[in-house]
Amino acid sequence: MSESVRDFNEYKSNLAYDVKNLNLWYGKDQALKDISLQIEKNQVTAIIGPSGCGKSTFIKTLNRMIENIPIVKTQGEILYNNKDIFDKSIKVEELRTKVGMVFQKPNPFPKSIYENVVYGPKIHGIKDKSMLMEIAETSLKGAALWEEVKDRLNDNAYGLSGGQQQRLCIARAMAVQPEIILMDEPTSALDPIATYKIEELIDQLKKNYTIVIVTHSMQQAARISDKTAFLLMGELIEFDKTEKIFSNPRDKRTEDYVTGRFG
Amino acid sequence: MNYESQFIKENKSESKYEYVSTYKIEIDQKRTTRRIKLSNASRYIFSLSLVFALSVLVILLYRIGVDSIGWLNFNFLTGRLSIFPEKAGIFSVIMGSVFLTLIVIPVTLILGVSTAIYLEEYASSGKIRRIINTNISNLASVPSVIFGLLGLTVFSRMLNLGSSILAGGLTLSLLVLPIIVVSSQEAIKAVPGFLKEASLAMGATKWTTIRKVVLPVAIPGILTGSILSISRAIGETAPLVVLGIPTLIMTTPTNIFDDFTALPIQIYYWTLDTVLTPEYANLAAATIVVLLVVLFIMNSAAIIIRNKFQKKF
C-alpha cells in the first residue's frame, strides 16, 4: 500500500470531501464555476439541477473519472480525507479504490454474476477462491440481491432485469470496499419498483458508506438524502439540509426549481 | 431545461403554440398498390445479382472438379513433386503452405493486435493519428505485387533470407498486416465505453482494463478479421512470384530457412506449363481443390469462432 492510501485510511474526520473553489472546463466551455461544498461521512448527499447544469460532471470529478475526457481542465482543490485528489502524489487507481461509482445505465460486464462481483477484488490481488466466494456473498447480500441470484451465480449477468443489474453494479462497487459510493442517476433507467428497491438499499448503505447521488428526480432527492446541493448552469446555487432546500430555500431559483416551476 | 423552458411552459398554458396542420395526408389506393408491387419486385431484382455471382462460381467449381477427377488421390496428396504428371504429388507444397501459415499467424496477430490496441487505446486522438490511420487503410489496398517487391528488397536482399520460407512468410505478413490492424481496430472500437468506465472506476489500471475487459469482448471480432485475412495470405501468388520461389522443389521443407513452394504458386507454375504438358492442367485443378478446401476450413473456423464468442449488449 502506498503512502497516499495510508493517509486516506488514517485520517479521521466527519468530512468525506471538502471541495474548495472547483472550476472545470471542457475546452473553452466552463462547466463548473467556483464550487465549494463539504460532503459529510455516512450521509447521503444529493445533487440536483436541470440537464446540463454540471451535476454529472461534478460527481465524476470526485473520483477523477472526468479526466478520461482529454479536453477537461480543472482548477481548485478537492480534499478527500484532507488530501487534495489532484495532488501529484495521488494515484487515481488508489483514489478510485476508495471511491466507488455506480453509473446511470447498469453496466455489468458480459460475464457471470459471480465474475462481475469479484472483478474488483481480483484486480486488487485477491486470488483465494473461498475468500472470493465470501466476498461475492457479502457484497450481493449488501446490495440486497443475494436471495434472487444465489442459485445462478454462474449465469450471465445480462440475464438479469435492469433493476437487478443495477444492484449487481452496486454489489460490484461494494466488493472493492470503498468508503464512498458515487451514484450518477442510478435509477433513471429503471421502473418505479426497481427504483424503490434501490432507494431502500441506499438508505441501508449509508450506515457504512458515504453516498453522493446525482438525481433527476426531486422526489428522490427529498426521499433519500440528508443534504442536497442545487446546481444551475455550473454554479452551486444552494447547498443545505434536504428539508430546508425543499421547504424553505434561501434562493428564489432553488424555490422555482424544486416547486417544478421550471426544468 | 433552463430558464427558457420556463417561458415556453408558461406560454403553453395560454395555448399560444397550438399545433395547426397545413396539409393533409390522403390515402390513394392505386398509389399504395403500385408501391407494394415495386417493393415486392425489388426482392427479385436484388436476388438476380446473387444468381449471377453464384453461377460464375458454380461454373468455375464444375470445371475444376471435372479436371481434377482421377488426379486428386492419396498419392497426389502424399507424393513428391515431379516433372512427370502421373508421378507428381503435392506433399511438399502443402507443407510449404503450412509453414507459411505458421509464420504469418503469430507475426500478424502479435504485431497487428498490438498496433490496433495502441492506436485505439493509447494514441491521443489528433492529426497524427488520423494520418496514420488513413495510411494504414491505404496500405490495405496496395496491390500485393508491391508487397512482393518490398519483401524482395528488405527480407530477401537486405536481410539475406533469399527465397526461404521465412522471407515468404514475412512478406505475406506485411501484406495482411494492414487489414488485421484495421479489423482489430474496429473490433476494439466496438467495445462499449461503459464497460471500460466500470473497470476504471473500480481502480483498475488502463492495461488491466484492456486485458480483462476490452480484449475479451473484442476477441471474436479480432479473430474473425484475422482468420479471413490470413486465409487471403495463403491464397496469394504475386508476392511469392516476385520473391523468386523456385519452380520445382523436390524436397519437403524442414525448417523456416529452407526453400519452398506453396499451393497458389504451384497452381500458377503448372498452369504456365500447360502448353508443354497438357496434364499439368489437371494437376493445377487438383491443387486448386486442395487450396479451396483449406480456405473453406479456415473461413468456417472464423464463422464458428464468431458465433461462439459473440456476446450481446
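Thresholds applied
- Every chain's residues receive numbers from 1 upward, in the order its sequence appears when written.
- Written order decides the labels, with chains lettered from A and ligands numbered from 1.
- The predicted nature of this model means local features are confined to residues of pLDDT at least 70 and side-chain atom pairs, given and counted, to a pLDDT of 80 or more, with totals for whole chains, interfaces and linings taken over all residues.
- Side-chain metrics rest on all non-hydrogen atoms present in the structure, leaving aside hydrogens and water.
- Labels follow the DSSP assignment, with helices taken as runs of H or I lasting at least four residues and strands as runs of E lasting at least two, numbered in each case from the N terminus.
- With the radius of gyration taken over C-alpha atoms, the globule rule is written as 2.2 Å times the number of residues to the power 0.38.
- Between buried and exposed lies partly exposed: a residue is buried under 20% and exposed over 50% of the maximum accessible area for its type, with that area taken using a 1.4 Å probe on protein chains only.
- Where accessible areas are quoted, they stem from the Shrake-Rupley method and a 1.4 Å probe; at the residue level, only the protein chains shown are allowed to cover.
- For the purpose of counting charges, residues Lys and Arg are taken to be positive, whereas Asp and Glu are taken to be negative. His and the chain ends are not included.
- The location of each charge is read from NZ of Lys, CZ of Arg, CG of Asp or CD of Glu.
- Here, residues are in contact when the closest pair of their heavy atoms is within 4.5 Å.
- The term buried area refers to how much accessible surface (probe radius 1.4 Å) is lost by two components on association, counted for both of them together.
- By definition, a salt bridge exists where a carboxyl oxygen of Asp or Glu is found within 4 Å of a side-chain nitrogen of Lys or Arg.
- Definition of a polar contact: a pair of N or O atoms within 3.5 Å, with one able to donate and the other able to accept a hydrogen when the atoms are protein atoms, and with sequence-neighbouring residues admitted only if both atoms are side-chain atoms.
- Classes in brief: Ala, Val, Leu, Ile, Met, Phe, Trp, Tyr, Cys and Pro nonpolar; Asp, Glu, Lys and Arg charged; the others, Gly included, polar.
- Stacked, edge-to-face and tilted labels apply to pairs of Phe, Tyr and Trp rings (six-membered ring for Trp) whose centres lie within 6.5 Å, assigned for plane angles under 30 degrees, over 60, and everything in between, in that order.
- Ring-over charges, as used throughout, are those where CZ of Arg or NZ of Lys falls within 6 Å of the ring centre and within 35 degrees of the ring normal.

1. Focus on the overall build of chain B
For chain B, the helix and strand inventory stands at 12 helices and 0 strands. Mapped in sequence order, the helices and strands of chain B form the string α-α-α-α-α-α-α-α-α-α-α-α. The globule rule puts the C-alpha radius of gyration for 313 residues at 20 Å, and the 28 Å found for chain B is more than 25% above it. Taking the principal axes of its C-alpha atoms as reference, chain B extends roughly 100 × 60 × 35 Å. Expressed as a percentage of the 313 residues in chain B, the buried residues total 38%. Accessible area for chain B stands at about 18,500 Å²; split by element, carbon and sulfur atoms hold 66% of it. Positive and negative charge centroids in chain B, built from 27 and 17 side chains respectively, lie 5 Å apart.

2. Considerations on the interface of chain A and chain B
Contacts between the two partners involve 33 residues from chain A and, on the opposite side, 25 residues from chain B. Both faces combined, the contact of chain A with chain B buries some 2,500 Å², and carbon together with sulfur accounts for 65% of it. The tally of links between chain A and chain B comes to 0 salt bridges. For the pair chain A and chain B, the interface holds 3 residue pairs in polar contact (both at pLDDT 80 or more). Counting only elements with at least two residues in the side of chain A that touches chain B, the list comes to α3 (92-98), β6 (99-102) and α4 (113-123) of chain A. Its residues assigned to classes, the side of chain A that touches chain B comprises 14 nonpolar, 11 polar and 8 charged.

3. Quick word on the packing of aromatic side chains
Residues and elements named next belong to chain A. According to the stated counting rule, one finds 5 aromatic pairs over all chains in the structure shown. On the numbers, 5.4 Å between centres and 40° between planes, the contact of Y17 with Y80 is tilted. Of the two residues, Y17 is situated in strand β1 (residues 15-26) and Y80 in strand β4 (residues 72-80); the sequence distance between them amounts to 63 residues. The burial state of Y17 is the same as that of Y80; both residues are buried. Lying across the ring of F109, R172 places its NZ or CZ 4.6 Å from the centre.

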